[in-house]
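Structure assessment
So you can see what is in the structure, the chains are spelled out below.
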Amino acid sequence: MTVHPQLNALLEACHWIGIKGWAPATGGNMSIREDDRWCWLSESGKDKGSLTHADFLQVEIATNQAPSGRRPSAETGLHTLIYRLFPAAGAVLHVHTANATVLSRIEKSNELVLHGYEMQKSLRGQSSHLDSVAIPVFDNDQDIDGLARRIEHYGTERPLSYGFLLRGHGLTCWGRDVAEARRHLEGLEFLFECELRLRQLEKP
Ligand SMILES: CSCCC(=O)C(=O)COP(=O)(O)O
Ligand SMILES: [Zn+2]
């Protein structure tokens, strides 16, 4: 079997996520794009910190179908949405970090605005801490098709870049390749931790 060149990088990213504790239990899911039609997604219900090549399933982006008959991630529809909306997206990482989970509950509006942090420059195209970066926050939903429709609708009205938060659930982020998706994940996670600490310190 020929292995997609980005799959090794994705596996390494999954192991790194596991070591960081960002995909506890069976939380999280990860994928890479193969081409316009196909992507490779983690199988549902696995420990994402100890995945092997065999745990990635080929999935058709337009239909969410896996020809193998095995069950790809329960959140497949969010990965394929990103690949459909953003032709340049090459990798998607979804994690359940404590910071993303708690901050998305504390933030009551539909956007978390990051401002004043040098680390905003870890995000593609950002060049100053003086700019504001809005990360959308969507209410969590077990209806992934419905959730995907809400995210798609948001993207018709507001910029949808880097990633989004699912309230009380976690972060989904992407990049042109695994390296960029990893950088966005690490950068956003650091920014979430700073924002959470700041809000706790500033609490009256
Ligand atoms: C305890 S994990 C709940 C499901 C979830 O949010 C997740 O990220 C993992 O789902 P998958 O089907 O991709 O294993
Ligand atoms: Zn999840």
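Everything quoted here is computed from the prediction, not taken from an experiment. (Residues numbered from 1 in each chain as written. Chains lettered and ligands numbered in written order. Predicted model: local features only at pLDDT ≥ 70, side-chain atom pairs only at ≥ 80, totals over all residues. Heavy atoms only, no water.)

1. So, the site of ligand 1
The environment of ligand 1 is formed by 13 residues, the closest being Ser-44, Gly-45, Ser-73, Ala-74 and Glu-75. Between ligand 1 and the protein, one listed contact pairs an oxygen atom with a side-chain N or O atom of Lys-48 at 2.8 Å. The separation between an oxygen atom of ligand 1 and a polar side-chain atom of His-96 is 3.0 Å. Bound to the protein, ligand 1 loses 74% of the 400 Å² it would expose on its own. Residue composition of the shell around ligand 1, grouped by class: one nonpolar, ten polar and two charged. (Near = heavy atom within 4 Å. Polar contact = N/O pair within 3.5 Å; in protein donor to acceptor, adjacent residues only side chain to side chain. Areas by Shrake-Rupley, 256 points an atom, 1.4 Å probe, with all protein chains shown as cover. Nonpolar A, V, L, I, M, F, W, Y, C, P; charged D, E, K, R; others polar.)

2. Focus on the UniProt feature "binding site: Zn(2+)" (unreviewed entry) in the protein
As recorded in UniProt, the sites labelled "binding site: Zn(2+)" (unreviewed entry) are His-94 and His-96. Relative to the helices and strands, His-94 resides in strand β4 (residues 91-95). Judged by its relative accessible area of 0%, His-94 is buried. Excluding residues that lie within four positions of it along the chain, His-94 makes contacts with Gly-28, Asn-29, Met-30, Glu-75, His-79, Leu-166, His-169, Leu-171 and Thr-172. Side-chain polar atoms of His-94 contact the side chain of His-169, separated by 3.1 Å. (UniProt positions renumbered as here; feature names shortened; annotations may be inferred. Helix = DSSP H or I, 4+ residues; strand = E, 2+ residues; numbered from the N terminus. Buried < 20%, exposed > 50% of the residue type's maximum accessible area, 1.4 Å probe, protein only. Contact = heavy atoms within 4.5 Å.)

3. Describing the pattern of salt bridges
Under the counting rule described, the total for this entry stands at 14 salt bridges. Notably, a salt bridge pairs Glu-60 with Arg-37, separated by 2.8 Å at the nearest N-O pair. Linking Glu-60 in strand β3 (residues 56-60) with Arg-37 in the loop between β1 (29-33) and β2 (38-42), this pair joins segments that are 23 residues apart in sequence. As a salt-bridge pair, Arg-167 and Asp-139 come within 2.2 Å of each other at their nearest N and O atoms. Placement of Arg-167 in the loop between β7 (163-166) and β8 (170-175) and of Asp-139 in the loop between β6 (132-138) and α4 (144-157) is noted, with a sequence separation of 28 residues between them. Taking relative accessible area as the criterion, Asp-139 reaches 42% and is therefore assigned partly exposed. A cluster of three or more residues bridged by salt bridges with shared partners is formed by Glu-43, Lys-46, Asp-55 and Arg-70. (Salt bridge = Lys/Arg side-chain N within 4 Å of Asp/Glu carboxyl O.)

4. A few points about the sheet that holds β7
Through backbone hydrogen bonds, the strands of a sheet pair up, either in parallel or in antiparallel fashion. Pairing is mixed in the open sheet, where eight strands are placed in the order β3-β2-β1-β4-β8-β7-β6-β5. Unpaired on one side and paired on the other, β3 and β5 (111-115) mark the two borders of the sheet. Taken over all neighbouring pairs, the strand axes of this sheet differ in orientation by 20° on average, direction set aside. By the bridge criterion, four bridges tie β7 to β8 in an arrangement that is antiparallel. (Pairing = 2+ DSSP bridges. Axes fitted to C-alpha atoms, helices over the stretch in contact; angles between N-to-C directions.)

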